[in-house]
Structure formats: C-alpha cells, structure tokens
Amino acid sequence: MTKKAGGMDMLRDEVLALLREREGEPLSGEAMSRALGVSRAAVWKAMEALRQEGYEISSAPRKGYWLEGSPDRLSPGELARPGRMVGRELVCLDRVDSTNNEIKRRAVGEAADGLAVVAGEQTGGRGRRGRSFVSPPGKGLYLSVLLRPNCPLAEVPTLTAWSAVAVCDAVEEVCGVRPGIKWPNDVILEGRKLCGILTELELEAETAALRYVVVGIGVNISQTEADFGPEVAPVAVSLAQALGKAPRRAEVARALLDSLDRLYGDFPRQRENWLARYRADCLTVGRPIRVISGTGEREGTALGVEEDFSLRVAWKDGGEEVVSSGEVSVRGLLGYV
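Notes on the structure follow. Predicted model, so just to flag it, every value in this text is computed and none were measured.

Some details on the sheet that holds strand β14 (residues 329-332)
Within the open sheet, the five strands sit side by side as β13-β12-β11-β10-β14. Their pairing is antiparallel. In the strand order of this sheet, the two ends are held by β13 (320-323) and β14, each with one partner. Direction aside, neighbouring strands of the sheet carry axes that sit 45 degrees apart on average. As judged from the five bridges shared by strand β11 (residues 296-305) and strand β12 (residues 311-315), these two strands associate in the antiparallel manner. Residue pairing across strands places Ala302 opposite Val313, the latter belonging to β12.

A look at the nonpolar core
One finds Leu141, Val145, Ile217, Leu260, Tyr278 and Leu311 to be the most contacted residues of the largest nonpolar core, which totals 64 residues. Val15, Ala31, Met32 and Val43 belong to the second-largest nonpolar core, a separate cluster that totals 17 residues.

Quick look at the side chain of Ser259
As for its placement among the helices and strands, Ser259 is situated in helix α9 (residues 249-266). Judged by relative accessible area, Ser259 falls into the buried class, the value being 1%. Apart from the residues within four sequence positions on either side, Ser259 is in contact with Ala166, Asp169 and Ala170.

Remarks on the sheet that holds strand β6 (residues 180-182)
Across the sheet, seven strands lie side by side as β3-β4-β5-β9-β8-β7-β6; this open sheet has mixed pairing. The two strands at the open ends of the sheet, each matched to only one other strand, are β3 (90-93) and β6. The sheet shows a mean angle of 20 degrees between the axes of neighbouring strands, taken without regard to direction. In this structure, β6 lies alongside strand β7 (residues 186-189), joined through three bridges in antiparallel fashion. Looking across to β7, one finds that Gly180 is bridged to Ile188. Where helix α6 (residues 159-175) meets the sheet, it contacts β5 (140-147), β6, β7, β8 (192-203) and β9 (210-220), and its direction lies at approximately 140 degrees from that of β8. Contacting β3, β4 (116-119), β5 and β9, α9 crosses the sheet at an angle of about 25 degrees to β5.

Describing the side chain of Arg249
Mapped onto the fold, Arg249 is located in helix α9. For Arg249, the residues in contact, after removing those within four places along its chain, are Asp72, Arg73, Leu74, Gly120, Gly138, Gly140, Leu141 and Ile221.

Focus: the environment of Ala166
Structurally, Ala166 can be placed in helix α6. For Ala166 and Gly69, which are 97 residues apart along the polypeptide, the C-alpha to C-alpha distance reads 27 Å.

Considering helix α10 (residues 271-281)
Since the α-helix turns once every 3.6 residues, residues separated by three or four places project in the same direction. When we look at burial in α10, the residues that qualify are Arg271, Trp274, Leu275, Tyr278 and Asp281. The buried residues of α10 occupy one face: seen down the axis, they fall within an arc of 125 degrees. Check the buried side of α10 and you find it contacts α6, β6, α9 and β11.

Calculation rules
Residues numbered from 1 in each chain as written. Predicted model: local features only at pLDDT ≥ 70, side-chain atom pairs only at ≥ 80, totals over all residues. Heavy atoms only, no water. Pairing = 2+ DSSP bridges. Helix = DSSP H or I, 4+ residues; strand = E, 2+ residues; numbered from the N terminus. Axes fitted to C-alpha atoms, helices over the stretch in contact; angles between N-to-C directions. Core = buried A, V, L, I, M, F, W, Y, C linked by side-chain atoms within 4.5 Å. Buried < 20%, exposed > 50% of the residue type's maximum accessible area, 1.4 Å probe, protein only. Contact = heavy atoms within 4.5 Å. Arc of directions from axis to C-beta.

Shown next, in the form of structure tokens:
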C-alpha cells in the first residue's frame, strides 16, 4: 500500500485499514500495536489524528476501538483490503490532470500490476474519441488501474465491456440499484450517463507485444445539474440525483476495486460468464440507434451483442452488419440510450 509522505500519515492509514477490516467490531490498541510493530502510544496518536479528520471512533476499556462514522475522504486506509490484487498498491491524490495519465507516468518506471490511482478532481479528464469528462472536485470518483494481463492481444479490447459490468456490480452493492450499459461502455441510470470508461494500452515498439492496459473509470457521485453544465446535464446523472442521497466516494471506490479484482481474476478465462452478464445489462439491444462512423451516419436497430462484444445491427435501409466499438459511436434515436 502506497501512503502519503510522513510516518504519521502512513501509520494513520494503517490504523484506519485495521479498523475498516473489523467492520465496527472492537480492536484493542495492544492488538494494533502488535500488528503494526509500533507502540501503543503511536497507535493512540494515529487514532487522535483520525478523529481530528472527522472519523467517529469509539472506545471502551478492555474492548478497544471501533469505527462508527467516516468523512467523505479518499485515502489508502479507506480503500485497502488484504489479499486484493487490484489496488494492492494505492495512490490517492487530491488533484491530477487525469488518473489514466498518472498511471501511464508511473508505468514508465515499471509500476506494479494492479496499481490503482484515485483522485478527488481531474483537470483534464477524458472519455472515448477524445471527449472531455467533467470531473469537478469532491463530486465524483475518478479511478484508474494498471493491468498487465497474460492474454492474446485480441482479448484486450473486451476489458472495457467487462469493466462496465464491474461498475454495475459495485453500484448495486453500495446503492441497491443496478444500472445498465449503453453499448459499448457507458453505464446508465435512469436513462442518463452515470459513468464513463476509457481503456488505453501500451505496446512494445519493436514487437507490438502488450506492455500494460490502463482502465480509467469516472463515476458521478454527488454532482448537481449546475455541476454538469447546460450541455452535459440533459444526458448525465449522479447517484445523488438518482437516489436522493450520495454514497460516500470511498464506499463506491472500495466496492469498485473489489469488483475489478474479481474481473482481473477471471480475465480472460471466464469470457462466457462475463459476456452473459454484459448481455443482460446492455440497454442498447432492441432499440433504434444511429451509428456514426468515418463514412457518415446510418440508422438501424441493435440486434444483439456478439461473442467478441461487438454489436450486430439491422440497418433501416436493409441488411445487417457487425460493428466494433473502435470504429463507431452509437447514439439512441429516442433519449440517451
């Protein structure tokens, strides 16, 4: 686990992680000091530092400490979970140009497989086909992970579709509602975009072998119509807007890292399972769509998702065709999806 500079910050994250693991059950100061290899006085100081940050930590003689409430913070102590591959190394930043860019900068130095970067704000968030992704401070969850899958290069593009299912899993776990997917990778709630996913890869120049994949995910948590702005607001939604109350970003981040970890453990061997789940979540199938490509626009109906996660379309003017997410942009004729 990567922590902010400074011994107390590191210890504070470790203490918080131990309290999170217990899920409200008491843990003694002595047990924490043994687990972390520090004095009980150091544990007490870390506990007081957490309380000053807004954590509600109760204690009782001969019982220990337990966590009762938390502020809306993103930190390694909030997000870490023992045994998880994705997010085993965590970097939490207040502000960054793009979490995908930060992963790529760190990948130059051979960063570890599973590295996760989480930010409270992006100044240059990006989506597919060069579109910008609105990323105001403290309002959304902006997360990217570094993956080095051992698989044929042809399998890698399907990671985007798998990741959309993983986001649906995480939102359902935290919020009790399951979003849908607009092909290929937009996560939709109440007919509007809740989350965007951008997958990028790096190849060896000489051999074209895969070096790494970056999966970037942006989830709208507490944005209002004003945060989105007049152009984006009609097609975007936050969890706060849909549910009436925003979950803590750390809860969504932790569930998302868990979900991505399950994905990575299955990839690519469990293709049929994830394909079936993607098909069940896909809102595009059966709907009239407009397919926008380099040669123009055509209207048709989405018939189904193929084995490679491409989309089969019946054209309005006759005939069928399979289109790939790398070639086209799909828009619904009625509403966003």
